[in-house]
Each structure stands twice: as C-alpha cells, then as structure tokens.
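Residue-level structure breakdown
Residue strings, one per chain:
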Amino acid sequence: MYLTTSAKNREPVRTESPSRLQRVLMRSIGFLVLCVFMLSSLPVSAPATTAKDKYYKADACYNRLRSSSLKKKYRHNWETCIGKYEDVYKDDPSGPWAAAGLFMCGKLYYGLSVQSGLDSDLEKSRTYFQRIIRNYPESRYKSRSEKELAKVDKKLGTTEASDSVSSGSESLTTLIRQSATVAAETSTSSGKPTIVQGLRYWSNPNYTRVVIDADQETTYAHRKLNEDPSIDKPQRLFIDLTNSRVGADLQKEVPINDDLLMSVRAAQNTPDQVRVVVDIKSFDSYKVFSLKNPFRIVIDIWGKNGVGASGSATTQAQNGAALGKSALATQLQLGVRRIIVDPGHGGKDYGAPGYLKGVYEKNVTLAISKKLAAKLEKELGCEVIMTRKTDKYLTLEERTAIANTENADLFISIHTNANTDHRARGIETYFLNLATDNDAILVAARENATSTKNISDLESILNSLMHNVKVNESSRLATYVQDSICSELSKKYSRVNNKKVKQAPFYVLLGAQMPAILVETSFISNKEECERLINGKYQDAMVDSIVDGVRKYIRETNPTALFGNDPNQG
C-alpha cells in the first residue's frame, strides 16, 4: 500500500496497489483488444473463383441459352456463353478444366453456325477442336474433339460440292443435308410437305432481290458454292427447303441476266427436299431471311463496290449507263433527288379498320400518300415514286425492293396506328431496329401481319442491320419528321399526342439501302383521330409537316441539296 494526498483537503487517501497477476491480466486483455482491432481493419477477400466454378457458371449460361428458342436467335447470347467457357481455359490453361472449356467453345460455335449459316462460325468451331487435339492429347476431350471436328469438316466440305440442280431437270441425287438456319420449332406441325410455288426477283445494276414463295413454313439452309470451271459451273448460292415439293405450276428456271445474276432455278433435289440455286455473275455480299404469312424466303445480293459485273462505278457514272438518275446524283453529292412514298397495305390487305364504319387503313394511307408525293415534288423538286397509286396489293418485300431497284435516296412508308383500346391516340415515327418496348412490338407485329412471337425471331433482322449502314440516317430523318408533325399539328389541333420516335423490326423497311422510316400518322381506332384522318384539311396539314421534316433533314445532311426548286429555302 502507498499514500497519496487529496488536492482538496490535503488528507491522505489510501489506494490498493494491483497485484502481479492483475497486471498480467490487464496486459493480456489489452493485447487481445489490439489484435482484434488490427484484424478487423484488414481487407476481407472473397474466396478465389476456381476454373471449376467458372465452368459451372458457364454451364448455367449455356443451359439458359439452349432452353430458350428466343435467346438462341441472338448472336450475343451465344458469344456471352462462349466467353464464359473461354475464361475457364484462361484461368488455368494447364489445369484439368482447360480442355473442357475449349471443347464447349467449339460446341457452341457449331451451334451458332446452325443459327447463322455462316462458315466463319464453323471455322471458329474447328479451331477450338484442333487446339484440344494438339495441346491436350492425354485429355478425354481429345477423342470427343476428333468426332466433332469430323462433323465440322463434313459440313464445311459441302461448300465445294457440286449442286445437283440442272436447268429444267429434276435430280434425286442424295447429298449431305444442310443444317437448318431456322429453329426446329418453326417446322410445320401438319407434317404435310411445303409446296414451293413461285420464284420472283427485282434488280438494278448493284442490287438484286430474289423471293421464293411457299405455301407454308418450313426449315431451310443456304450455302455458297465456289466457281468450278472444270464442270463449267459458275459461282452459286443454293437454298435447301426441308420437307418440300416443287409446285405443279412452278416456273423452274427464271432468267435474270442482270449485272449480278444469271438466273434462279429450282428442282426436287431429293424426295423430300427442294433446292433453289441462284447462279451468280458477280457479288460482294448477300443475306437470306424468311418472312411469314405467307411464308417466303428472301435473298438479297449486293454488287462489288456498289456495282455489278459490267464495270466500275466511275465508268458507269461517266457513261451515264446502267445507273439511275438518283444514283448518279448521289455519287456527285447532289443530295436527295428521288424519294419513294409507300402507302401502307392495299388490295386484299385492308390494314386496320377505322372507328367509323367503312373506314380502312389502306384507303387513308393512299389518300395521304398521293398528297405527300405531289407536295414533295412541288416543294422540294424531288422525283417521287409511289409503290402503289391504286388499291393494289403489294407484298412487304416488294415495297423495299422497289425502293432499292429505283435507287431511291429516301423511303417513307405511310400508315395509321390502331389499338383495341379506343382511347389510344397519338403520332409516332419508326425506323428499323430492334424493338425497345412492348408497344413497338405490337405495332410491328400488326404491320408485319404476323404475331408478337414471330417478332422475337430476329436473326434475319440482325443480319439485315449488319448490312444496313443507314440506321443513323434513318433515325435522324425520323426525328425531323416526327418533331415537325407534332409541332405543326399542335398549332391547329388540340390533344395531339407526341408518341416520339421509336424503333422496331418492320419487314417493309428490311433491306432498305437508303434512310427509311414508317410514319404512324394517327390512331384510326380512335374516334376523334379517325374523323381527322379522313378529313382533307387534316391530311393536308399532315402532309405539309412531313414535307417540312424532310426539308430540314435534307438541309442538315446536305445544305446544297435543294436548289432553286424549293421556294421555302432560306
């Protein structure tokens, strides 16, 4: 014990001195507290993800993909899963899971090739299987890769096979079947063979569209065959239709003889397969896609450097031959000279019924389009071509083909909107792209005369977008037209609902080589807007605002495009 003195009264205060044991305990507790504090301040790291864990995650991605017919239509879904399997290999190239990851990359690229029909995907598949055989000879995936590689080589080997369709003849030669580019679930449920009914085409020197008409939906495959001088065969593109027969009235060979193609011909390739062959003179790229209701297969061919086999663009421009006035004007940077106006629907296709009895979309769109064509010619001095001037039926692919073969600079398709809810109203303008909302999907399904389910089958749309470099210009044109319509109509009419610019996969815009838009002028299913749509003054106001939007677009993209013909230019 020891004594201290209180500062207050200076009296001694008795305190207890801690024992040795107490001092040891106090030091130990302090040390433990310090350790706990230091440990708690250290960063906490998650358990390392192993190659095995990554493989299982990649497997989960693949299981989601193959269980969804919708997901399988999108290339990026395949590539996402492939990337995850690639990460398994990269995590530990010498580990036990590396070969498994590479094997699945090869498998998925093979599966993707079935959807895309691209040899490049098959080549990637082959590369992965070859890597396994070369780098992992002791792995159980070596023998599996050899089997898969044989399948890939067999499929790629068919690109050099001789096509069995001869002019006007039918061959029953059994050839290796091609993988379908359309998902298996789209095959006909009736089991009856699909009848190939017709071959059609539209062409100009740098573009040709061929259409195969059939009476019902079926799967199909396409492949390009290289030129074979030894058997006097040109370069060809063939399309094999599964479970199909040649129609009794089918013209089996259709001469084309334009700058790109010689002819298109069809024959019964095997007892249950029709083969259609396109004989090619010259081409740069092509795409094949199908449309529904009725089912038909569309083949778009583009020439090399924008021209066909007859010569270069410069030579043709100098000669003034083969190229239309619009194409020549575009090359000389003279701006927009030719516009296609497309009145939606027509003939047996009535379009949407109006709120008022006897009013139909096909008649309203024709009335507006006639006024629009006249106004564009008068105000802008452009040449205007209408896809139809009467109550005539046109297929959707024919409308775009007309625009392409006429070398148009702009394509404007006129429609009226509709909804089961009669309160729905407004104006919206579309350009071609993937739909971003449910309303756009519904509109596209109606205008395509198909179902919302089919809208999800977008592989062909995606292929088109890869070729179509006009998406940005189309978006800009749509914005100018939409803003002009809503701004001008709001000055004269109440309750003008601006539904904005939207994007959706419209078949009528598919493959367009120029900026292309579709205008939903108003809701024909709404009482007030239906009355407006059949009113001449409203139609005039609508047309004036569309012309103003086109004028602003032309000035913005090429200020010198409108010369003295435009009385409104500043």
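See above for the structure.
Here we summarise the structure given alongside this text. (Residues numbered from 1 in each chain as written. Predicted model: local features only at pLDDT ≥ 70, side-chain atom pairs only at ≥ 80, totals over all residues. Heavy atoms only, no water.)

Tallying each qualifying case throughout the model produces 1 disulfide. Shown here is the disulfide that connects C61 with C81, its sulfur atoms set 2.2 Å apart. An S-S torsion of about -85° defines the bridge between C61 and C81 as left-handed. In this pair, C61 sits in helix α2 (residues 51–66) while C81 sits in helix α3 (residues 75–91), placing the two residues 20 residues apart along the sequence. (Disulfide = S-S within 2.5 Å. Helix = DSSP H or I, 4+ residues; strand = E, 2+ residues; numbered from the N terminus.)

Before going further, it helps to spend a moment on the packing of aromatic side chains. Taken as a whole and assessed by the stated rule, the structure comprises 12 aromatic pairs. Ring plane angle 55° and centroid distance 5.7 Å describe the contact between F103 and F129, whose orientation is recorded as tilted. Here F103, found in helix α4 (residues 98–116), pairs with F129, found in helix α5 (residues 119–135); they are 26 residues apart in sequence, far enough to count as distant. Judged by its relative accessible area of 2%, F103 is buried. Judged by centre distance (5.0 Å) and plane angle (70°), the ring pair of Y350 and Y360 falls under edge-to-face. Of the two residues, Y350 is situated in the loop between β13 (338–343) and α9 (361–380) and Y360 in the loop between β13 and α9; the sequence distance between them amounts to 10 residues. Take Y360: its relative accessible area is 31%, and that puts it in the partly exposed class. Taken together, the ring pairs connect Y55, Y56, Y85 and W97 into an aromatic cluster. Taking NZ or CZ as reference, R131 lies 4.9 Å from the ring centre of Y89, over its face. Across the ring face of Y350, the terminal group of K362 is positioned such that the distance to the ring centre comes to 3.7 Å. (Phe/Tyr/Trp six-rings, centres within 6.5 Å; stacked < 30°, edge-to-face > 60°. Buried < 20%, exposed > 50% of the residue type's maximum accessible area, 1.4 Å probe, protein only. Lys NZ or Arg CZ within 6 Å of the ring centre and 35° of its normal.)

Compared with an ideal rise of 1.5 Å per residue, which puts 22 residues at 32 Å, helix α16 (residues 536–557) spans 32 Å between its outermost C-alpha atoms and is within 8% of the ideal. Of the residues flanking the start of α16, the one acting as N-cap is N535, its side-chain oxygen 2.9 Å from the backbone nitrogen of K537. (Expected span 1.5 Å × (residues − 1). Polar contact = N/O pair within 3.5 Å; in protein donor to acceptor, adjacent residues only side chain to side chain.)

Right, let's get into the pairing of β13. The buried fraction of β13 amounts to 6 of the 6 residues, a majority that puts the element mostly inside the structure. Side chains R338, I340 and D342 of β13 all project onto a buried face; the interleaved residues I339, V341 and P343 project onto the opposite face, where all are buried too. Taken together, β13, α9 and strand β14 (residues 383–386) constitute a β-α-β crossover, and its handedness is right-handed. As judged from the 5 bridges shared by β13 and strand β15 (residues 410–417), these two strands associate in the parallel manner. In the sheet register, I340 faces β15, and the bridge partner there is F411. (Right-handed = clockwise from strand over helix to strand, strands pointing away. Pairing = 2+ DSSP bridges.)

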